[in-house]
Amino acid sequence: MIRNGLYLSTTRMLDGVDAYNRHVMVLRDGTIRGGGPFFYTVGSFTCSEGKWKGEMTSQEHTPIVGTHPWARKVISIGFSGTYSDDGAELEAIALVGKRSFRFQSIYRLLVAD
């Protein structure tokens, strides 16, 4: 089971998209909530035997300056990955309108519940 707690998430886009993000996420009893300076995210997940998968929705709460592919959009995200006692990793596909973007995130446990 993924430990309930506060995580630092570092995300990098794949496939040549130049975007990077760091944010905090709270994982608690199969739910995900969190965000950073421009986006907030909510979702749910299941986990078993070191693997996890789930879905999230992300949306901008503060207008981003520049050309981020998710600016002014509601994003649907599906993910899967692995976890351990001190964190988790995932690979995801984000649906943005008619486009999709792949990204990887590393979750590092900061404070356990």
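What you see is a predicted model; the values in this text were computed from it and never measured.

1. Examining unusual backbone geometry
Phase 1 of the analysis: With a phi close to 60 degrees, Asp15 is a non-glycine residue in the positive phi region.
Phase 2 of the analysis: Turning to its location among the elements, Asp15 is positioned in the loop between strand 1 (5-13) and strand 2 (20-28).
Phase 3 of the analysis: Of the residues examined, Asp15 reaches a relative accessible area of 58% and is grouped as exposed.
Phase 4 of the analysis: The backbone phi angle of Glu49 is positive, close to 50 degrees, even though this residue is not glycine.
Phase 5 of the analysis: Topologically, Glu49 is positioned in the loop between strand 4 (39-48) and strand 5 (51-60).

2. Side note on the sheet that holds strand 5
Phase 1 of the analysis: Within the closed barrel, the eight strands sit side by side as 1-2-3-4-5-6-7-8. Their pairing is antiparallel. Strand-to-strand, the axes of this sheet are offset by a mean angle of 30 degrees, without reference to chain direction.
Phase 2 of the analysis: Examined bridge by bridge, strand 1 and strand 2 share eight bridges and lie antiparallel to one another. Note on strand 2: the bridge partner recorded for Leu8 is Val24.

3. With respect to the packing of aromatic side chains
Phase 1 of the analysis: For the structure on display, the rule yields four aromatic pairs.
Phase 2 of the analysis: Among the aromatic residues, ring-to-ring pairing joins Tyr7, Phe45, Trp52, Phe79 and Tyr107 into one connected group.

4. Focus: empty space enclosed by the protein
Phase 1 of the analysis: In this structure the tally under the stated criterion is one cavity of 30 Å³ or more.
Phase 2 of the analysis: Of the volumes computed, that of the largest cavity is approximately 200 Å³.
Phase 3 of the analysis: What lines the largest cavity is a set of 19 residues, among which Thr11, Asn21, His23, Trp70 and Phe103 lie closest to the centre.
Phase 4 of the analysis: Elements with a minimum of two residues in the lining of the largest cavity: strand 1, strand 2, strand 4, strand 5 and strand 8 (99-112).
Phase 5 of the analysis: Ranked by the residues each element gives to the lining of the largest cavity, the list is headed by strand 2, at four residues.
Phase 6 of the analysis: For the lining of the largest cavity, the class distribution of residues is ten nonpolar, nine polar and no charged.

5. A short note on the side chain of Ser58
Phase 1 of the analysis: Residue position: Ser58 is located in strand 5.
Phase 2 of the analysis: Among the polar contacts made by the side chain of Ser58, one reaches the main-chain carbonyl oxygen of Tyr40 at a distance of 3.4 Å.
Phase 3 of the analysis: Contacts of Ser58, omitting those with residues within four sequence positions, involve Phe39, Tyr40, Thr41, Trp70, Lys73, Val74, Ile75 and Ile77.

6. Some details on the pairing of strand 3 (residues 31-35)
Phase 1 of the analysis: Of the strand pairs in this sheet, strand 2 and strand 3 are connected by five bridges, and their pairing is antiparallel. Residue pairing in the sheet places Val26 in a bridge with Arg33 of strand 3.
Phase 2 of the analysis: Summarising the sheet, strand 3 and strand 4 pair through five bridges and their orientation is antiparallel. Looking at the pairing, Thr31 lines up with Ser44 of strand 4.
Phase 3 of the analysis: The hairpin turn running from strand 3 into strand 4, its antiparallel successor, is three residues long.

Rules of the game
Residues numbered from 1 in each chain as written. Predicted model: local features only at pLDDT ≥ 70, side-chain atom pairs only at ≥ 80, totals over all residues. Heavy atoms only, no water. Helix = DSSP H or I, 4+ residues; strand = E, 2+ residues; numbered from the N terminus. Buried < 20%, exposed > 50% of the residue type's maximum accessible area, 1.4 Å probe, protein only. Pairing = 2+ DSSP bridges. Axes fitted to C-alpha atoms, helices over the stretch in contact; angles between N-to-C directions. Phe/Tyr/Trp six-rings, centres within 6.5 Å; stacked < 30°, edge-to-face > 60°. 1 Å grid on protein atoms, 1.4 Å probe; cavity = no way out; pocket = protein on both sides within 12 Å on 5 of 7 lines; lining within 4 Å. Points joined across faces, edges and corners; volume = space filled by probe spheres on them. Nonpolar A, V, L, I, M, F, W, Y, C, P; charged D, E, K, R; others polar. Polar contact = N/O pair within 3.5 Å; in protein donor to acceptor, adjacent residues only side chain to side chain. Contact = heavy atoms within 4.5 Å.

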